[in-house]
Amino acid sequence: MNHTIEKIGGTSMSDYLSVRDNIICQTSEEQLYQRVFVVSAYGGITDQLLEHKKSGQPGIYGLFASAMEDDSWLKKFEQVKSQLLEINLQLFGEGTLLKQANLFLNERLDDAKQCLLDLQSLCQHGHFALDAHLGTVREMLASIGEAHSAWNTAKLLQRDGVNACFVDLTGWLTNKHVSLDQRIREAFAEIDLSKQLPIVTGYAHSDAGLMTSFDRGYSEMTFSRLAVLTQAKEAIIHKEFHLSSADPRLVGEHNAVPIGRTNYDVADQLANLGMEAIHPKAAKGLRQNDIPLRVKNTFEPEHSGTLITGDYVSDSPCVEIIAGCKGIYALELFDQDMAGSITQYDQQVLATIQRFKAQLVSKDINANTLTHYLSTNLKTVKRIREALEQRFPEAEFNQQKVAIVSAIGSDMKIAGMLAKTVQALASQSVSVLAIHQSMRQVDIQLVVKEADYERAVKSLHAELVEIHDHGRAICLAS
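These remarks concern the structure in this document. What you are looking at is a predicted structure, and each value in this text was computed from that prediction instead of being measured.

What follows is about the overall build of the protein. Along the backbone of the protein there are 17 helices and 14 strands. In terms of overall dimensions, the protein is globule-like: its C-alpha atoms have a radius of gyration of 24 Å, near the 23 Å expected for 478 residues. Taking the principal axes of the C-alpha coordinates as reference, the protein spans close to 65 × 60 × 35 Å. Counting only contacts in the protein whose residues sit at least 6 apart along the sequence, the fraction spanning at least 24 positions is 75%. Averaging the coordinates of the 46 positive side-chain charges in the protein and doing the same for the 59 negative ones gives two points 1 Å apart.

Spelled out as structure tokens, the structure:
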């Protein structure tokens, strides 16, 4: 096939003119088609519909799930509705298109609101449990954001002379539940990619429930399956930033440079740290089908971005990127009886972490101590700890907030890499609380105090990546 599947992130979607001019219409007219665009909701909207991805602050879903006895979710619903209508006004201005856009949006919102009201009333009766329906509620609310942005973008492009078509995978008002693959195949059965430019909802309804498996990574899974099922020549993600050697806000824009080339191993490590190049399960499909992934910056369209493939290995061992995350909770369990029974302890701790839906970033194990590093909020950590204290009443528990900084590369198999990494932190008086390096040697994780996070990133980037020549990562082998 000669087409690409492309995904546009939420921040980029909020700037229609940049999307139109830098992504969609940047090429010549004869190259306008043979592309499919999967779009996210406008920036911040999914946070308002569900909950804030990082802080956990509840949106409509969060309030509805936790406050059945009051109408706080209704107030939030009206706030979000006003926000979405304001987006329409900014995009379309006054006129016929605005009326059409508002009609489409209001139909979705009114249906969703009535569903929630009916469910709230139903669950007042003892025979009906709200928990049994929350997964469906979450999927329904999430779908509104992508349907809104995809419909708007298709109409705006049509107005601007592009033969765009709105492809709705949300299954809104559908009378059948089908697999994700079948829904995609049916939606694209009559589309001619040589003449039409599909604008596709990032959320897709499936019988298994896309969010059950992928939660907020659902749009990337839609993107990945589209690429695999249509045998795309390349998958492209358009973001508001480059996939750079480090966060430019920390190391300076003049020091951080686009990686240029890397592999899916590196992408997985970044995803584990919350740097969303692509969801690991979405990357798996691309990797298995030999589809390259390109990450581009919406606001620098002339730049080729970073190409990710399954077989790429740097010419010589080196660190390609310094990444990390703050706000990590280290939950330590010490029990003298653990020696010889680590597996049983670890299984029960992991089951508890999974039950409370906390993300496990890494863990330490020795003879009598388990430490799990969790990316979640304090409330969830306390719940996990309380559950474990009941299960292991004689164990000692400790928790502290830390940061993880990681040196990542497609090939880091060289003697002295670990020593040089630790020395870089020691030279800046950064204490290392824990170190992790696997035999695969694609990353080195260092646990540091949260207050030392920025200093750690800067020192590792300066010492290991050495991008002061603006573009060439100096490998340790040289």
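Another point: the packing of helix α14 (residues 342-355) against helix α15 (residues 378-391). Look at α14 against α15: their axes get within 10 Å of each other, and the N-to-C directions meet at 145 degrees. Crossing of α14 over α15 shows right-handed handedness. Where α14 abuts α15, its residues Q348, V349, T352, I353 and R355 lie against I384, A387, L388 and R391. Looking at the contact of α14 with α15 residue by residue, the class counts come to 5 nonpolar, 2 polar and 2 charged.

With that settled, consider the sheet that holds strand β7 (residues 293-297). Within a beta sheet, neighbouring strands are joined by backbone hydrogen bonds and run either parallel or antiparallel to one another. Overall, mixed pairing links the 8 strands, which are arranged β3-β4-β2-β1-β5-β7-β8-β6 in an open sheet. At either end of the open sheet lies a strand with only one pairing partner, and these are β3 (164-167) and β6 (261-263). Adjacent strand axes in the sheet meet at a mean angle of 25 degrees, parallel and antiparallel pairs treated alike. With 3 bridges connecting them, strand β2 (residues 35-39) and strand β4 (residues 197-201) associate as parallel partners. By the bridge assignment for β4, F37 is matched with I199. Relative to the sheet, helix α10 (residues 218-229) contacts β1 (4-8), β2, β4, β5 (234-239) and β7, its axis offset from that of β1 by approximately 170 degrees. Sheet strands in contact with helix α12 (residues 264-272) are β6, β7 and β8 (306-309), and its direction is about 80 degrees off that of β6.

Cut-offs applied
- Residues numbered from 1 in each chain as written.
- Predicted model: local features only at pLDDT ≥ 70, side-chain atom pairs only at ≥ 80, totals over all residues.
- Heavy atoms only, no water.
- Helix = DSSP H or I, 4+ residues; strand = E, 2+ residues; numbered from the N terminus.
- Rg over C-alpha atoms; globule rule 2.2 N^0.38 Å.
- Contact = heavy atoms within 4.5 Å.
- Lys, Arg positive; Asp, Glu negative; His and termini not counted.
- Charge placed at Lys NZ, Arg CZ, Asp CG, Glu CD.
- Axes fitted to C-alpha atoms, helices over the stretch in contact; angles between N-to-C directions.
- Left-handed = near helix turned anticlockwise from the far one by under 90°.
- Nonpolar A, V, L, I, M, F, W, Y, C, P; charged D, E, K, R; others polar.
- Pairing = 2+ DSSP bridges.

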